[in-house]
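Now for the letters of each chain:
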Amino acid sequence: MSENEFKQANHSAELMSVDQNGINIYRVTSKAMIPKNEPYSFYYFYEGKLTRFIKSDRIDDYKFIM
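Note that the structure is predicted; figures quoted are calculated from it, not measured.

Draft legend 1. Fine view of the overall build of the protein chain. Assigned secondary structure in the protein chain consists of 1 helix and 4 strands. Taken from the N to the C terminus, the helices and strands of the protein chain come in the order α-β-β-β-β. Against the globule reference of 11 Å for 66 residues, the protein chain gives a C-alpha radius of gyration of 12 Å, in line with a compact fold. Summarising its shape, the C-alpha atoms of the protein chain cover approximately 35 × 25 × 15 Å along the three principal directions. Here the protein chain holds 66 residues, and 29% of them are scored as buried. Sequence-distant contacts, at least 24 apart, represent 17% of the contacts inside the protein chain between residues at least 6 apart. Of the roughly 4700 Å² of accessible surface on the protein chain, 50% is carried by carbon and sulfur atoms. Charged side chains of the protein chain number 9 positive and 9 negative; the gap between the two group centres comes to 4 Å.

If you want it as C-alpha cells, here you go:
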C-alpha cells in the first residue's frame, strides 16, 4: 500500500514522526465502543511504501519500535 492510499483510507491517521531517512510513522487510534487491549496501530512507511504495521497498548510505542 502506498502512503497516499493509506492517507485517503484513514483520515483520522496522525503523522507521528518524519525521519530524514525517508521513514514516516502514522498512528491510528481505535474508536470502537468495546475497549481493546491494543487500541493503537502504527504504520511505518519508507519512501512512500508501507513496510511495517504494529498494534500496541501504549500511545508512544512508535518511539521505541524501529
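Draft legend 2. Highlighting the sheet that holds strand 4 (residues 49–56). Reading across from one edge, 1-2-3-4 is the order of the 4 strands in this open sheet, with antiparallel pairing throughout. Of all the strands in the sheet, just strand 1 (14–18) and strand 4 have a single pairing partner and so form its edges. For this sheet, the mean inter-axis angle between neighbouring strands, taken without regard to orientation, is 25°. As judged from the 7 bridges shared by strand 2 (residues 23–29) and strand 3 (residues 40–46), these two strands associate in the antiparallel manner. Among the inter-strand pairings, Val 28 is bridged to a residue of strand 3, identified as Ser 41.

Draft legend 3. Region of interest: the pairing of strand 2. When you tally the buried positions in strand 2, you get 5 out of 7 residues, the bulk of the element. Judged from the 4 bridges that link them, strand 1 and strand 2 form a sheet pairing that is antiparallel. The residue of strand 2 that forms the bridge with Leu 15 is Tyr 26. In sequence, strand 1 turns back onto strand 2 through a hairpin of 4 residues, with Gly 22 there showing a positive phi of about 90°.

Procedures and definitions
Residues numbered from 1 in each chain as written. Predicted model: local features only at pLDDT ≥ 70, side-chain atom pairs only at ≥ 80, totals over all residues. Heavy atoms only, no water. Helix = DSSP H or I, 4+ residues; strand = E, 2+ residues; numbered from the N terminus. Rg over C-alpha atoms; globule rule 2.2 N^0.38 Å. Buried < 20%, exposed > 50% of the residue type's maximum accessible area, 1.4 Å probe, protein only. Contact = heavy atoms within 4.5 Å. Areas by Shrake-Rupley, 256 points an atom, 1.4 Å probe, with all protein chains shown as cover. Lys, Arg positive; Asp, Glu negative; His and termini not counted. Charge placed at Lys NZ, Arg CZ, Asp CG, Glu CD. Pairing = 2+ DSSP bridges. Axes fitted to C-alpha atoms, helices over the stretch in contact; angles between N-to-C directions.

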